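One-letter residues, chain by chain:
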Amino acid sequence: MRILAHPVGATSRERSIIERGLQSFAASTCIRFHRRTNQRDFVNIQSRSGCYSFVGRQGNGQVVSLDRRGCVYHQIVQHELLHALGFNHEQTRSDRDQHVRLRFAFDKINSNNLGTPYDYNSVMQYGRYAFSSNRQPTIVPIPNSNVPIGRSTQMSPNDILRVNRLYRCRQELDEPTVMFGDIAVETGLQNADPCTSRGCKWVKYSDGNVYVPYVISNQYSSRERSIIERGLQSFAASTCIRFTRRTRQRDFVNIQSRSGCYSFVGRRGNGQVVSLARRGCVYHQIVQHELLHALGFNHEQTRSDRDQHVRILYQNVIQGQQHNFRKIATNNLGTPYDYNSVMHYGRYAFSRNRQPTIVPIPNSNVAIGRATQMSRNDILRINRLYRCRRSG
Ligand SMILES: [Zn+2]
Ligand SMILES: [Zn+2]
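Chains are numbered independently. Their residues run from 1 in the order of the written sequence. Here every chain gets a letter starting at A, and every ligand a number starting at 1, in the order they are written. Where local features are concerned, this predicted model is filtered to residues with pLDDT of at least 70; where side-chain atom pairs are given and counted, the filter is 80 or more; whole-chain, interface and lining totals use all residues. Computation of side-chain values covers all heavy atoms of the structure but excludes hydrogens and water.

## Some thoughts on the overall build of the protein
Inference 1: Along its length, the protein carries six helices and 17 strands.
Inference 2: Our radius of gyration is a C-alpha quantity, and the globule rule it is checked against amounts to 2.2 Å times the number of residues to the power 0.38. Taking 21 Å as the expected radius of gyration for a compact globule of 392 residues, we find that the protein reaches 23 Å, a close match to that expectation.
Inference 3: Viewed in the frame of its principal axes, the protein has a C-alpha envelope of about 75 × 50 × 45 Å.
Inference 4: Buried, partly exposed and exposed residues are distinguished by accessible area as a fraction of the type maximum, computed with a 1.4 Å probe on protein chains only: under 20%, between the cut-offs, and over 50%, respectively. Relative to its full complement of 392 residues, the protein shows a buried share of 55%.
Inference 5: At a minimum sequence separation of 6, the contacts of the protein that also span at least 24 residues come to 67%.
Inference 6: When the accessible area of the protein is evaluated, it comes to approximately 19100 Å², of which 47% is carbon and sulfur surface.
Inference 7: For the protein, the distance from the average position of its 55 positive side-chain charges to the average position of its 27 negative side-chain charges is 3 Å. What counts as a helix is a DSSP run of H or I of at least four residues, what counts as a strand is a run of E of at least two, and both are numbered from the N terminus. The criterion used for residue contact is that any of the two residues' heavy atoms lie within 4.5 Å. For every accessible area listed, the method is Shrake-Rupley and the probe measures 1.4 Å; residues are considered covered only by the protein chains on display. Residues scored as positive are Lys and Arg, those scored as negative are Asp and Glu, and His as well as the terminal groups of each chain are ignored. To locate a charge, take NZ of a lysine, CZ of an arginine, CG of an aspartate or CD of a glutamate.

In structure tokens, the structure reads:
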């Protein structure tokens, strides 16, 4: 993504609200607003009259107006940037007539809804009294007219999902693969991403520990929560990683039940979502697996040296999922390829036909991707990457 921003003419407080809005996209999508150097197309954020933006990339510098009088708020910054990314207002969606009744001529647009539901909590949904000339509502939700609408203070999960779908953002998505009927098998594995040499590691403190703040969503039952907590705490037993509840640290891991099990690789800045869906992801090894991603590790079968240890059978991989097997220039930290790593995918990961997608070589019968917890090598890699003192 090459979307460029160049905020001008604001106080430092206003500027930091705008910057925070710009940066907020990085936590949960692949959109990276970054300062323009000499790119042709860019977003030109100015304080003009009112809050507005063009929809989508227009070519050359396109104005996004955030009027100092009334527009410099987090949700408005996100709203206008979503326009610039290509999104329209929620109440103009093609299916809006099933969800709201309008008393104002809001155009309906033949929008691509990307398989997402109409969302009253979208940051793109206008409030009930938008453009009202008589203090009567202009937008009324149906069938229940009392549901709050347009009150969002930040992008909703649907807003984020739409960005990810429209731009085909590729998170490290570990879809549990249902094999032979009813067993959801987590498919995954890993080694240190190149980003770990460029600042995506978590910060080490003078006491030798690496504190990683976390927040757990209240979506989980107490049983699920305790499985997650146990996964978090398991790192302290054999490494210098200390997952600790967030107080107000800037960077943290935000554990939520979204669609599937996934995490970004390494520290991304601000709150980064680790999704552990209640259906299929709340298991000890999956918790450890996703946290290893967040610590900077990739899947074992994407290691730079994987071709000496496994053969990938692309002909059996689901169309469009081949990227899950791309090889990465990983830092293997002097550790051997490990079929028992909790970061190793199983034999049938992303299979389209119940035939194997990963076969160990030379002995194709060796078990792979069956770990129920971090292997000794997984632990060794953490200790080496983060230079934990007890490193062996
Ligand atoms: Zn708007
Ligand atoms: Zn994974």
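Back to the text.
## Comments concerning the state of the cysteines
Inference 1: Any two cysteine sulfur atoms lying within 2.5 Å of each other are counted as a disulfide. Overall, the coordinates contain four disulfides when judged by the stated rule.
Inference 2: What pairs with Cys 195 in a disulfide is Cys 200, and their sulfur atoms sit 2.0 Å apart. Taking the sign of the S-S torsion, about 65° here, the bridge from Cys 195 to Cys 200 comes out right-handed. Assigned by exposure class, Cys 195 and Cys 200 land together as buried.
Inference 3: Disulfide partner of Cys 261: Cys 281, at an S-S distance of 2.1 Å.

## Focus on the environment of Arg 381
Inference 1: As for its placement among the helices and strands, Arg 381 is situated in helix 6 (residues 376-385).
Inference 2: The exposure class of Arg 381 is buried, given its relative accessible area of 1%.
Inference 3: In this structure, the C-alpha to C-alpha distance between Arg 381 and Leu 333, residues 48 residues apart in sequence, is 6.4 Å.

## Side note on the side chain of Thr 138
Inference 1: Turning to its location among the elements, Thr 138 is positioned in the loop between strand 6 (100-102) and strand 7 (139-141).
Inference 2: A relative accessible area of 3% means that Thr 138 is categorised as buried.
Inference 3: Residues contacting Thr 138, with those up to four places away along its chain left out, are Arg 101, Leu 102, Arg 103, Phe 104, Phe 106, Gly 127, Arg 128, Tyr 129, Ala 130, Phe 131 and Ser 132.

## So, the packing of aromatic side chains
Inference 1: Think of it this way: a Phe, Tyr or Trp ring, Trp meaning its six-membered ring, pairs with another when their centres are within 6.5 Å, and the plane angle makes it stacked under 30 degrees, edge-to-face over 60, tilted otherwise. A complete count under the given rule lists ten aromatic pairs for this structure.
Inference 2: When the ring of Phe 25 is compared with that of Phe 33, the centres are 5.2 Å apart and the planes differ by 70°; the resulting orientation is edge-to-face. In this pair, the class of Phe 25 matches that of Phe 33, namely buried.
Inference 3: Aromatic side chains Phe 325 and Phe 350 sit 6.2 Å apart centroid to centroid with 85° between the ring planes, which places their arrangement in the edge-to-face category. Of the two residues, Phe 325 sits in the loop between strand 16 (310-312) and strand 17 (358-360) while Phe 350 sits in the loop between strand 16 and strand 17, which places them 25 residues apart along the sequence. No difference in accessibility class separates Phe 325 from Phe 350, as the two residues are buried.
Inference 4: Through successive ring pairs, a cluster of aromatic residues spans Tyr 314, Phe 325, Tyr 345 and Phe 350.

## Quick word on helix 5 (residues 284-295)
Inference 1: Expected helix span is given by 1.5 Å per residue-to-residue step, counting one fewer step than there are residues. For helix 5, spanning twelve residues, the distance from its first C-alpha to its last is 16 Å, which sits close to the expected 16 Å at 1.5 Å a residue.
Inference 2: Within helix 5, eleven of the twelve residues are buried, which leaves the element mostly enclosed by the surrounding structure.
Inference 3: Taken as a whole, helix 5 has its buried residues at His 284, Ile 286, Val 287, Gln 288, His 289, Glu 290, Leu 291, Leu 292, His 293, Ala 294 and Leu 295.
Inference 4: Gly 296 sits one or two positions beyond helix 5 and adopts a positive phi of about 120°.

## Brief notes about the UniProt feature "active site" (unreviewed entry) in the protein
Inference 1: According to UniProt, the positions carrying the feature "active site" (unreviewed entry) are Glu 80 and Glu 290. Spatial dispersion of the annotated residues is evident: they stretch over 211 residues in sequence, and the largest pairwise C-alpha distance comes to 32.3 Å.
Inference 2: Checked against the element boundaries, Glu 80 lands in helix 2 (residues 74-85).
Inference 3: Under the relative-accessibility criterion, Glu 80 is labelled buried at 5%.
Inference 4: Once residues within four sequence positions are removed from consideration, Glu 80 is found in contact with Cys 51, Tyr 52, Ser 53, Val 64, Ser 65 and Leu 66.
Inference 5: Structurally, Glu 290 is set in helix 5. UniProt positions are given in the numbering used here, feature names are shortened, and annotations may be inferred rather than shown by experiment.

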